[in-house]
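The residues making up each chain are set out below.
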Amino acid sequence: MKSLQSWPEPVVRVQALSESGIRAIPDRYVKPPSDRPSVVSSPMVKEVNIPVIDLKGLFVGANGPSGPDDPTLRQINEACRDWGFFQVVNHGVDPKLMRMMRESWREFFHLPLEAKQRYANSPCTYEGYGSRLGVEKGAVLDWSDYYFLHYMPQCLRNHEKWPDLPPSCREQIAEYSKQVVELSGRLMKMLSLNLGLPEDFLQRGFGGEDIGACLRVNFYPKCPQPDLTLGLSSHSDPGGLTLLLPDENVPGLQVRRDESWVTVNPISDAFIVNIGDQMQVLSNAIYKSVEHRVIVNSAKERVSLAFFYNPKSDIPIAPASELVTEDRPALYPAMTFDEYRLYIRTKGPRGKSQVESLKSAR
Ligand SMILES: O=C(O)CCC(=O)C(=O)O
């Protein structure tokens, strides 16, 4: 696609803007009033947290769930159906590695600009160091920079496109991604069982072993006018499952709950798991992806690592026939993930408009 060859305007690094000491953010980052986070102080925002689920009995030194009535499976089931978001603790990924990864990436973003520019990305693949999602000229932008890289499929894994600084970064990415892929695979089994399907069902639906997996590290610099902008606009994740390692000390992620936004309170060494659009399609909307966004603040920068576990990109994803009945016909047409993600790559984050438009098109 021609429009995805290059950025429509010169790229401005948000971190550089923030560090320049400006007192007012440029107009390009000012959101329309309805999208601003000022509702934070309204009574609409509930003081609740997304469910926190302890996977200890399920994964670590255990043989797996005891059966469909397993209490942990039940908690996962309720969280998927009710929230589309939950936090997991005792998940089997090394907490020390998680902390080291986050700190290495923080170090990366604090390297001199020239060191990061070597990895500057283009909208063609989005791989590398970037500062915007979407290629629409004149779009209102988000207050964040990021780094995007592929881990799977194996043919897209290119260590040269991963930062070589700090020196341990590449090694950590490889080990972290391996462990997070394992955890994602286990969660896929739990979700399959909870849909009343064989445990390998969703994995097979995603194309088997050589699925897609990529990492986006988000860096949200301090912002002099946080009430006027967002670190990341409201969106649902286009892929399958997302495992987010948030900044432990700086909340920022907000999850849509009916008409309000719930600010997630991150738990130490936990992952925040959420359902993506492809899982919504495959499960025929039994599981739903949920809109989320990120707010920023003037006192602290924030780093988060979003690991996306996606279907193989060139196979059609459609509602599983096992989940289609007379009462619940297939809600979505088949589409490959490559076709599907062109939307967000072109338009940038836009709430749940894409998956909803597929439904209404029928
Ligand atoms: O930074 C966060 O907490 C959320 C990031 C996110 O939603 C994303 O990368 O898609």
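Residues numbered from 1 in each chain as written. Predicted model: local features only at pLDDT ≥ 70, side-chain atom pairs only at ≥ 80, totals over all residues.

- The name given to the protein in an unreviewed UniProt entry is Fe2OG dioxygenase domain-containing protein, with Eucalyptus globulus as the source organism.
- Per UniProt, the protein has the following entry under Sequence similarities (unreviewed entry): "Belongs to the iron/ascorbate-dependent oxidoreductase family."
- The heading Catalytic activity (unreviewed entry) in the UniProt record of the protein holds the text "jasmonate + 2-oxoglutarate + O2 = (1R,2R)-12-hydroxyjasmonate + succinate + CO2". (UniProt positions renumbered as here; feature names shortened; annotations may be inferred.)

### Points about the site of the ligand
Alright, step 1. The environment of the ligand is made up of Arg-216, Asn-218, Leu-232, Asp-237, Leu-244, Pro-246, Gly-252, Leu-253, His-292, Val-294, Ser-304 and Ala-306.
Alright, step 2. Looking at the shell around the ligand, the elements with two or more residues in it are strand 5 (212-220), strand 11 (292-294) and strand 12 (302-310). (Near = placed C-beta within 6 Å. Helix = DSSP H or I, 4+ residues; strand = E, 2+ residues; numbered from the N terminus.)

### Comments concerning the pairing of strand 5
Alright, step 1. Here strand 5 lies mainly inside the structure; nine of its nine residues are buried.
Alright, step 2. Neither face of strand 5 is left uncovered, since the one carrying Gly-212, Cys-214, Arg-216, Asn-218 and Tyr-220 and the one carrying Ala-213, Leu-215, Val-217 and Phe-219 both have all their residues buried. (Buried ≥ 20, exposed ≤ 12 C-beta atoms within 10 Å, placed from the backbone.)

### Focus: the sheet that holds strand 2 (residues 85-89)
Alright, step 1. With mixed pairing, eight strands are arranged side by side in an open sheet as 1-2-10-7-12-5-4-3. Sheet topology places strand 1 (52-54) and strand 3 (128-130) at the edges, where each strand pairs with a single neighbour. Neighbouring strand axes in the sheet, compared pairwise and without regard to direction, differ in orientation by 25 degrees on average.
Alright, step 2. With four bridges connecting them, strand 2 and strand 10 (residues 271-275) associate as antiparallel partners. Its bridge partner being in strand 10, Phe-86 is matched across the sheet by Val-273.
Alright, step 3. On top of the sheet, helix 3 (residues 71-82) reaches strand 1, strand 2 and strand 10; it is set at about 155 degrees to strand 1, its chief contact. (Pairing = 2+ DSSP bridges. Axes fitted to C-alpha atoms, helices over the stretch in contact; angles between N-to-C directions. Contact = placed C-beta atoms within 7 Å.)

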